[in-house]
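Breakdown of the fold
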Amino acid sequence: AMNGENKEGKQINRRDFLVKSLWGLGGVTGILLSIPVIGALLEPLFRESPVAWRRVGKVDDFRIGDTVLVHFRDASVLPWTGTTSQTASWLRRVSGDQFIAFSVNCAHLGCPLQWVANARIFLCPCHGGVYNEDGSYAAGPPPHDMSRYPVRIEDGWVEIKASPVPITNL
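Attention in this report is confined to the structure presented alongside it. (Residues numbered from 1 in each chain as written. Predicted model: local features only at pLDDT ≥ 70, side-chain atom pairs only at ≥ 80, totals over all residues. Heavy atoms only, no water.)

Through backbone hydrogen bonds, the strands of a sheet pair up, either in parallel or in antiparallel fashion. Spatially, three strands are ordered β1-β11-β10 in an open sheet, and the strand pairing comes out antiparallel. The outermost strands of the open sheet, each flanked by one partner alone, are β1 (52–58) and β10 (151–154). Between one strand axis and the next, the sheet turns by 35° as a mean value, whatever way the strands run. Summarising the sheet, β10 and strand β11 (residues 157–162) pair through four bridges and their orientation is antiparallel. Bridge assignment links R152 to a residue of β11, and that residue is E159. (Pairing = 2+ DSSP bridges. Helix = DSSP H or I, 4+ residues; strand = E, 2+ residues; numbered from the N terminus. Axes fitted to C-alpha atoms, helices over the stretch in contact; angles between N-to-C directions.)

In structure tokens form, the structure reads like this:
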């Protein structure tokens, strides 16, 4: 080994040594860099989807037939989300104990919908999507009816089941 030969008696030159070393270093670096990427890709598979019931008001705060905008905290709140943890729903009191909670976002590209009370429609200002007052598709580019959130009444409070994505066609 004194004359630059390895155990098999082959000559090791500097160029081959550097090429093999760089390939090895590159491989190790690639593996180390891919660990967080693979972890980020697999993490949603092992995380339960967060859901939480959020109070949006007392039953008596809402008049039968009215559609109002209510705000609540998202289900997937993280410590750094701040005001972005707030979301909303168009809530309608249908009868004494029956409520419908619509997503505020258009099913087309997610623009915030507006309730036009005198026309009894939801209107998307971005691309002209229109929904009937029951959330059914009326016109424009939306691919389906408005998404909804489950609603319940607990101890006189109206609660919306917050989830990262509203349920489509509930």
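We describe a pair of aromatic rings using the distance from one ring centre to the other and the angle between the two ring planes. Overall, the coordinates contain five aromatic pairs when judged by the stated rule. Ring plane angle 85° and centroid distance 5.6 Å describe the contact between F72 and Y149, whose orientation is recorded as edge-to-face. Placement of the pair is F72 in strand β2 (residues 67–73) and Y149 in strand β9 (residues 148–149), with a sequence separation of 77 residues. In this pair, the class of F72 matches that of Y149, namely buried. (Phe/Tyr/Trp six-rings, centres within 6.5 Å; stacked < 30°, edge-to-face > 60°. Buried < 20%, exposed > 50% of the residue type's maximum accessible area, 1.4 Å probe, protein only.)

This model, assessed by the stated rule, comprises four salt bridges. Note that R55 and E159 form a salt bridge whose closest N and O atoms lie 3.5 Å from each other. On the criterion of sequence distance, the pair formed by R55 in strand β1 and E159 in strand β11 is long-range, its members being 104 residues apart. We classify R55 as partly exposed; its relative accessible area is 45%. A salt bridge links E133 to R120, with the nearest nitrogen and oxygen atoms 2.7 Å apart. Here E133 is found in the loop between β7 (130–132) and β8 (137–139), whereas its partner R120 is found in the loop between β5 (114–116) and β6 (121–123), with 13 residues between them in sequence. By relative accessible area, E133 is classed as partly exposed at 31%. The partly exposed category is assigned to R120, whose relative accessible area is 34%. (Salt bridge = Lys/Arg side-chain N within 4 Å of Asp/Glu carboxyl O.)

This brings us to the sheet that holds β6. As summarised here, the arrangement of the four strands in space is β5-β6-β7-β8, forming an open sheet in which the pairing is antiparallel. Edge strands, defined here as strands with exactly one partner in the open sheet, are β5 and β8. Taken pair by pair, the neighbouring strands of this sheet meet at an average axis angle of 35°, ignoring direction. Pairing between β5 and β6: three bridges, direction antiparallel. For W115, the partnering residue across the bridge sits in β6 and is F122.

Functional significance is not addressed by these values, which are geometric in nature.
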